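Notes for the structure review
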Amino acid sequence: MKHLLQEDKFFKKTLRKLDSLFDLKLSQWSIGVFVLGILLVSFPIIRTLPEVIEKVQKKVPNQEKVLSSYIPQKIEWSVCDEGLCGSLDVPKDYGDLSKGLLTLQLFQREALTGKDGAPEILVNPGGPGASGIEAVKFGFESVTEEFSDSVNLIGWDPRGVGASTRSKCGDNLDYLFFSTDSSPDTQEEKINIIEQSRKFSNDCWKKSSDLLPYLTSANTVKDMESIRVSLEQEKLNYLGYSYGTYIGQLYASEYPERVGNMVLDGVVDVSLPSNDVSQAKSFDDVLAKFFQWCEINSCDYIRDVEDNFLSKDEALRITLSPKDAFDRLRQTTEQKEWVAEATVGSNEITPYLFELGTASTLYFGENGWKRLDLSLQAMAKNDLSFMLKNAFQYLGRDEKANPIYDGSYESFLTINCADRNSKLTVDELEKTSKSSLEIAPIFGASYPYLGAGCLDWKSTSEVLSLNDEKIKDLKILFIGTTNDPATPYEWSKNTLTHFPASRLITFNGDGHTVFGNGERCVDSAVTELFVENIFPQDNKEC
């Protein structure tokens, strides 16, 4: 099971672009801006069987088969962008080479000391849809000096993502967000969001039908093993965040004898059913913490909502709570087409964009709460720019009137859809929305509709699960944050029951994922594992 709200650490980097406007000091994971849209995204041609045969004949030393019919070639690295670039051809279908190959792009940042024999660590930042290449280029500026000096970090764009072979569903996805209500409460709104979601699905299949069935997490797990073989590693060292913890656990279950040092931060509970809605409740819970914080810190948006949204009579009688003021703005997006000042290529906000713009700030703890306060304050003054930027950056949309999307949200949807083991139905959406709304009044109704792009998806896949017997002795270091909106802390605790020999670091704090944010207690434990091969004897609280 994968959560529907996209989880990747590199949305944090987009907020850095606005830091000067808000005078915020975002966490170090926010620094080293992930400039959405700058990737040179190519769409490598899918190779035919003769080329496959030619490739597999180029065998690496100590050759080892991932499957009986495929042998990965050795990655040939070349200098680029203050690091090393490489690529690896892998089968679209590991069980049938006649389907052809696709190409994975990789980037390696070598240990600063340049020491021979430095541990190689494969990195996945989350999503699905986040770029591992961008993660390694820009994402580790606040780690300990010992860590950055001593390890080689290798990021790859998984199949269907970024610079690797991926689908083409269309450059402009505005129709999904500007003409729909993500929490439909009338029949007309339900019909509209279903129609637009089906348009996405149909456009994808028209343009990429030869690729979409193979963009599964199960195949990505096999790709990880292919990368290990190509690197000539006896065991795979791995650092995964969010969705990266999902494929990390599945890799451990499929290839337990190949697991090296592994750290999984922001843990997804693989055992949850596909209709689980606990993530929606977690976002509601963290938003409630924002309201509590506003009670203490007198958030500025409350006063501006009172000044601009209350009549003179109401203003004399009413003092709005943080939640009341938030609800006034939220309800306004429902009641009318809100057209106002903006400088981001659009002057209209919809309920869908408001919810995404709000949810995106909850990933970053108090820094994100400051950002949300300022975005709501601007809305109360009839300036939509900041809330729209939150949403656009989350979606990988540029700020032009005729926008281009960078492909990350498309990847998020296509991989989630490829992973389904049954066809999504309208009835399932409506039922899940009702159950979600019961436990999450703010985000619950819209939560299932974030996956509505899977309607009319033409393929299903076998979903991998954990083999408790195979993983019971594995020593994996899990990290869970107590007030994480995207991967609830309970997911970390439940996951640990499947890995009894593993350990859990509990970070008592706010935000989504923690390693690399400068938290010494966490960073030192991770560094000790990767650099010194010291595994914690006990669970730990930070």
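Note that the structure is predicted; figures quoted are calculated from it, not measured.

Basis of the calculations
Residues numbered from 1 in each chain as written. Predicted model: local features only at pLDDT ≥ 70, side-chain atom pairs only at ≥ 80, totals over all residues. Heavy atoms only, no water. Axes fitted to C-alpha atoms, helices over the stretch in contact; angles between N-to-C directions. Helix = DSSP H or I, 4+ residues; strand = E, 2+ residues; numbered from the N terminus. Parallel < 35°, antiparallel > 145°, perpendicular 65-115°, else oblique. Contact = heavy atoms within 4.5 Å. Core = buried A, V, L, I, M, F, W, Y, C linked by side-chain atoms within 4.5 Å. Buried < 20%, exposed > 50% of the residue type's maximum accessible area, 1.4 Å probe, protein only. Nonpolar A, V, L, I, M, F, W, Y, C, P; charged D, E, K, R; others polar. Phe/Tyr/Trp six-rings, centres within 6.5 Å; stacked < 30°, edge-to-face > 60°. Lys NZ or Arg CZ within 6 Å of the ring centre and 35° of its normal. Disulfide = S-S within 2.5 Å. Pairing = 2+ DSSP bridges. Right-handed = clockwise from strand over helix to strand, strands pointing away.

All right, on to the packing of helix H9 (residues 278–297) against helix H12 (residues 322–335) then. At their nearest, the axes of H9 and H12 sit 8 Å apart, and the two run at 120° to each other. One element, H9, and the other, H12, form an angle in the oblique class. Within the contact between the two elements, H9 uses Leu-287, Phe-291, Cys-294 and Glu-295 and H12 uses Pro-322, Lys-323 and Phe-326.

Bringing the nonpolar core into the picture now. Ranked by size, the top nonpolar core spans 114 residues in total, and within it Phe-177, Phe-290 and Tyr-301 carry the most contacts. Once you skip the residues sitting within four places of it in the chain, Tyr-301 turns out to touch Phe-290, Phe-291, Cys-294, Pro-322, Lys-323, Ala-325, Phe-326, Asp-373, Leu-376, Gln-377 and Ala-380. Listed in part, the 27 residues of the second largest apolar core include Cys-80, Phe-107, Leu-477 and Phe-535.

Moving on: the packing of helix H13 (residues 351–361) against helix H14 (residues 365–380). The relative placement of two packed helices is expressed as an angle between their axes plus a distance between the axes. Close contact between H13 and H14 brings their axes to 8 Å; oriented N to C, the two are set at 150°. In this view, H13 runs roughly antiparallel relative to H14, as classed from their interaxial angle. Along the contact surface, H13 presents Phe-354, Thr-358 and Thr-361, while H14 presents Gly-368, Trp-369, Arg-371, Leu-372, Leu-376 and Met-379. Residue composition of the contact of H13 with H14, grouped by class: five nonpolar, three polar and one charged.

Turning to the packing of aromatic side chains, a few remarks are in order. How two aromatic rings sit relative to each other is set out by the distance from centre to centre and by the angle between their planes. If you walk through the whole model with that rule in mind, you get 23 aromatic pairs. Between Tyr-70 and Tyr-94, the aromatic rings sit 5.7 Å apart at their centres with planes inclined by 85°, giving edge-to-face as the arrangement. Separated by 24 residues along the polypeptide, Tyr-70 in the loop between helix H3 (49–56) and strand E2 (78–80) and Tyr-94 in the loop between strand E3 (83–91) and strand E4 (101–109) bring together distant segments of the chain. Neither Tyr-70 nor Tyr-94 differs from the other in exposure class; each is buried. One aromatic cluster is present, built from ring pairs that chain together Phe-290, Phe-291, Trp-293, Tyr-301, Phe-326, Phe-354 and Trp-369. Here the basic side chain of Arg-397 rests over the ring of Phe-392, its NZ or CZ set 4.0 Å away from the ring centre.

All right, on to the state of the cysteines then. Following the criterion strictly, the structure yields five disulfides and no others. One disulfide bridge connects Cys-169 with Cys-204, the sulfur atoms lying 1.9 Å from each other. Residues Cys-169 and Cys-204 share a disulfide whose torsion about the S-S bond is about 120°; that sign makes it right-handed. On the criterion of sequence distance, the pair formed by Cys-169 in the loop between strand E7 (152–157) and helix H6 (187–208) and Cys-204 in helix H6 is long-range, its members being 35 residues apart. What connects to what in the protein, once the bonded cysteines are numbered by sequence position, is 1-2, 3-4, 5-6, 7-8, 9-10.

Here the focus is the pairing of strand E13 (residues 503–510). In terms of strand pairing, strand E12 (residues 477–483) meets E13 through six bridges, oriented parallel. By the bridge assignment, Asn-483 is partnered in E13 with Asp-510. With helix H19 (residues 489–496) bridging E12 and the parallel E13, this β-α-β connection has right-handed handedness. Bridge analysis of E13 against strand E14 (residues 540–541) gives two bridges, and the strand direction is parallel. Within E14, the position partnered with Thr-506 by the bridge is Glu-541. Once you follow E13 into helix H20 (residues 520–532) and on to E14, the crossover reads as left-handed.

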